[in-house]
Amino acid sequence: MNKIKIKKYDIIIVGGGITGTAILYVLGKYTNLSSIALVEKYFDFAQVNSNNTSNSQTLHFGDIETNYSLEKALVVKEAAEMVESYLLKTKNSNGPIYAKSHKMVLAVGDKEIKILEDRFKNFKNHYPKLRLLDKKEIGEIEPKVVKRRNPQEDIRAIMSEDGYIVDYKALAKSFIENVRQEPEKNIDIFLNTSVEAVSKKSDYYILKTSKEFIKAKVVIFATGAHSLLFAKSLGYGEKYFLLPVAGNFYVSKEKVLNGKVYTMQKEKLPFAAVHGDPDIHNINEVRFGPTAKVIPILERRNAGTFWDFLKTTKIDFKVLKALVKIISDKDIFGFIAQNMLYDIPVIGKYYYTQTIKKIIPGISEEKLKFEKRLGGIRPQLVNKETGEVMMGVGEIVGDNIIFNVTPSPGATACLQTARNTVKKLAKFFGGEFTFDEEKMADGLKR
Ligand SMILES: Cc1cc2nc3c(=O)[nH]c(=O)nc-3n(C[C@H](O)[C@H](O)[C@H](O)COP(=O)(O)OP(=O)(O)OC[C@H]3O[C@@H](n4cnc5c(N)ncnc54)[C@H](O)[C@@H]3O)c2cc1C
């Protein structure tokens, strides 16, 4: 009987979104691993949540995200600065990866103003470019935020000129382009190739793909929500289930904002309150959102992933108990109920327009369009035992295998996640592995 020859790599990355491509970039540039494969099921990179049509295109620094504590904001700041340095140093041959934009968070009414002013005092030393603006100053930068606002309604904002609108798909492609220039590396990229199963045979993981079998000592799954599915197929991550939270956008084709404008957020909620973001590829178009609605699929515009959702989240007593715990919080319940309204035809648009009026009081329903082509799904991990919704990038580490699950702000965190993941490989490869973290830090210094 003929034995099938299986191609062997030091390491295989599954998933060609912003996380997988950033990991490949860091492995190719700063480690001594010489044979690396990346497997992506679609025809091109970043077709799911990292696509520029799926997310808000924000590089989050933690300064205007009012649900982040200072501690969390500083972690996000480090991540954003890594991407910022990369963007400022990289020439892209295929069009823009980013655009600079001012960004602000708006406080409406006395209660929010007090919270914002306190926050400004705590944050300004860590974010020296932040400014506190009064109504008149806001109006000079964003006239429509002030125009037609009730004169009794006071507003303030904290604002920085140093904001970035990022096309994360273009960034993913740039990582690939740069890593491909590395000499003496054998990097194989499999596009249009889906990983169907993973199994462990002695020292190797064998991946059954839609085209062939491949194997490696170490595997990293950067497949968004699907990472949990693969983890569970190997007996990892059993204590988690997934809440896929879809985010949709309403779009104004008219230039109603000059830069990014966020609103104040309730502390407990892991999702940003409504914000307006000019599109990098059409700066006159502003997307408002994202909404937040739990739906039982793992990938937007891919109904077939309903079955993957069922496999990932086996509904049992513990899952139901965790769900009851989550929705019995009155803030979360209110938030879910409100967001369900937004997607209902006709009245949804009316209600969302009322929400957007917090940013632009004079906006009318006719100016807004619910854009079906936009939006993605945030894969929120929930701990079955505690009912806790995990914030930020989730990571499950197994025996020579890592699974990354990446809700917002996962795109901002791409290089930080990549660095943290690559650091863990020393344990898997032992003394033969080197990662020049200093060179990476130097390479990403401004
Ligand atoms: C509405 C919304 C707004 C957001 N806004 C922001 C923002 O402004 N800023 C920010 O930083 N973050 C934002 N995020 C979060 C951000 O988009 C994600 O965290 C990030 O894109 C995740 O990247 P990823 O590479 O981990 O996952 P993905 O981009 O989902 O990539 C996963 C990849 O794995 C591939 N894959 C899956 N299964 C297989 C398989 N079996 N075989 C091979 N390949 C497979 C997929 O095809 C895909 O390419 C937002 C998210 C949403 C939903």
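Relevant structure appears above.
This section reports on the structure supplied with the text.

Each value, and the rule that gives it
Residues numbered from 1 in each chain as written. Predicted model: local features only at pLDDT ≥ 70, side-chain atom pairs only at ≥ 80, totals over all residues. Heavy atoms only, no water. Helix = DSSP H or I, 4+ residues; strand = E, 2+ residues; numbered from the N terminus. Rg over C-alpha atoms; globule rule 2.2 N^0.38 Å. Buried < 20%, exposed > 50% of the residue type's maximum accessible area, 1.4 Å probe, protein only. Contact = heavy atoms within 4.5 Å. Areas by Shrake-Rupley, 256 points an atom, 1.4 Å probe, with all protein chains shown as cover. Lys, Arg positive; Asp, Glu negative; His and termini not counted. Charge placed at Lys NZ, Arg CZ, Asp CG, Glu CD. Phe/Tyr/Trp six-rings, centres within 6.5 Å; stacked < 30°, edge-to-face > 60°. Lys NZ or Arg CZ within 6 Å of the ring centre and 35° of its normal. Polar contact = N/O pair within 3.5 Å; in protein donor to acceptor, adjacent residues only side chain to side chain. Pairing = 2+ DSSP bridges. Axes fitted to C-alpha atoms, helices over the stretch in contact; angles between N-to-C directions. Near = heavy atom within 4 Å. Salt bridge = Lys/Arg side-chain N within 4 Å of Asp/Glu carboxyl O.

## Some remarks on the overall build of the chain
Inference 1: When helices and strands are tallied, the chain shows 14 helices and 19 strands.
Inference 2: Radius of gyration (C-alpha) of the chain: 22 Å, near the 22 Å computed for a compact globule of 446 residues.
Inference 3: Burial statistics for the chain: of 446 residues in total, 56% are counted as buried.
Inference 4: Here the contacts in the chain between residues at least 6 apart in sequence split such that 76% fall between residues at least 24 apart.
Inference 5: A total accessible area of about 19900 Å² is found for the chain, and carbon and sulfur atoms account for 54% of it.
Inference 6: Across the chain, the mean location of the 69 positive side-chain charges is 3 Å away from that of the 53 negative side-chain charges.

## A short note on the packing of aromatic side chains
Inference 1: Throughout the structure, instances matching the rule amount to 18 aromatic pairs.
Inference 2: Seen from their ring centres, Phe-221 and Phe-403 are 5.5 Å apart, and the 15° between their planes marks the pair as stacked. Linking Phe-221 in strand 9 (residues 213–221) with Phe-403 in strand 19 (residues 401–405), this pair joins segments that are 182 residues apart in sequence. No difference in accessibility class separates Phe-221 from Phe-403, as the two residues are buried.
Inference 3: Among the aromatic residues, those joined into a cluster by ring pairs are Tyr-25, Tyr-30, Tyr-86 and Phe-175.
Inference 4: Looking at Lys-77, its charged tip hangs above the ring of Tyr-127, at a distance of 5.6 Å from the centre.

## Topic: unusual backbone geometry
Inference 1: Pro-290 follows Gly-289 through a cis peptide bond whose omega is -15°.
Inference 2: Summarising the element assignment, Pro-290 is placed in the loop between strand 14 (282–289) and strand 15 (293–294).
Inference 3: One non-glycine residue, Ala-46, lies in positive phi territory at about 55°.
Inference 4: Topologically, Ala-46 is positioned in the loop between strand 2 (35–39) and helix 2 (70–89).
Inference 5: Look at Ala-46 and you get buried, because its relative accessible area is 1%.
Inference 6: Not every positive phi belongs to a glycine, and Glu-184 is a case in point at roughly 60°.

## Some words on the side chain of Gln-265
Inference 1: Mapped onto the secondary structure, Gln-265 falls in the loop between strand 12 (260–263) and strand 13 (275–279).
Inference 2: What makes Gln-265 buried here is its relative accessible area of 12%.
Inference 3: Within polar-contact distance, the side chain of Gln-265 engages the side chain of Asn-67 at 3.2 Å.
Inference 4: Apart from the residues lying within four places of it in its own chain, the contact partners of Gln-265 are Thr-66, Asn-67, Phe-271, Ala-272 and Ala-273.

## Thoughts on the sheet that holds strand 5 (residues 155–166)
Inference 1: Read from one edge of the open sheet, 8 strands run 4-5-3-12-13-14-11-16, paired in mixed fashion. Where the open sheet ends on each side, the last strands, each with one partner, are strand 4 (131–133) and strand 16 (368–370). Neighbouring strand axes in the sheet, compared pairwise and without regard to direction, differ in orientation by 30° on average.
Inference 2: By the bridge criterion, 4 bridges tie strand 3 (residues 98–108) to strand 12 in an arrangement that is parallel. Its bridge partner lying in strand 12, Met-104 is registered against Val-261.
Inference 3: Running over the sheet, helix 2 touches strand 3 and strand 5 and is turned about 50° from strand 5.

## Details of the site of the ligand
Inference 1: Thr-19, Glu-40, Ser-50, Thr-406 and Thr-412 are the nearest of the 40 residues found near the ligand.
Inference 2: Taking Ser-50, its side chain carries an N or O atom lying 2.5 Å from an oxygen atom of the ligand.
Inference 3: At 3.4 Å from an oxygen atom of the ligand is found a main-chain nitrogen or oxygen belonging to Gln-57.
Inference 4: Starting from 1000 Å² of accessible surface for the ligand in isolation, the protein chains cover 98%.

## What about the pattern of salt bridges?
Inference 1: Scanning all chains against the criterion turns up 31 salt bridges.
Inference 2: Residue Lys-208 is joined to Glu-196 by a salt bridge in which the shortest nitrogen-to-oxygen separation is 3.2 Å. Separated by 12 residues along the polypeptide, Lys-208 in strand 8 (residues 204–209) and Glu-196 in strand 7 (residues 195–201) bring together distant segments of the chain.
Inference 3: Here Glu-196 falls in the partly exposed class, since its relative accessible area comes to 46%.
Inference 4: Notably, a salt bridge pairs Lys-424 with Glu-395, separated by 2.8 Å at the nearest N-O pair. With Lys-424 in the loop between helix 12 (414–423) and helix 13 (425–429) and Glu-395 in strand 18 (residues 394–398), this residue pair connects regions lying 29 residues apart in the sequence.
Inference 5: Classification of Lys-424 by relative accessible area gives partly exposed; the value is 29%.
Inference 6: Each of Lys-253, Glu-285, Lys-369, Glu-371 and Arg-373 takes part in a single network of salt bridges with overlapping partners.

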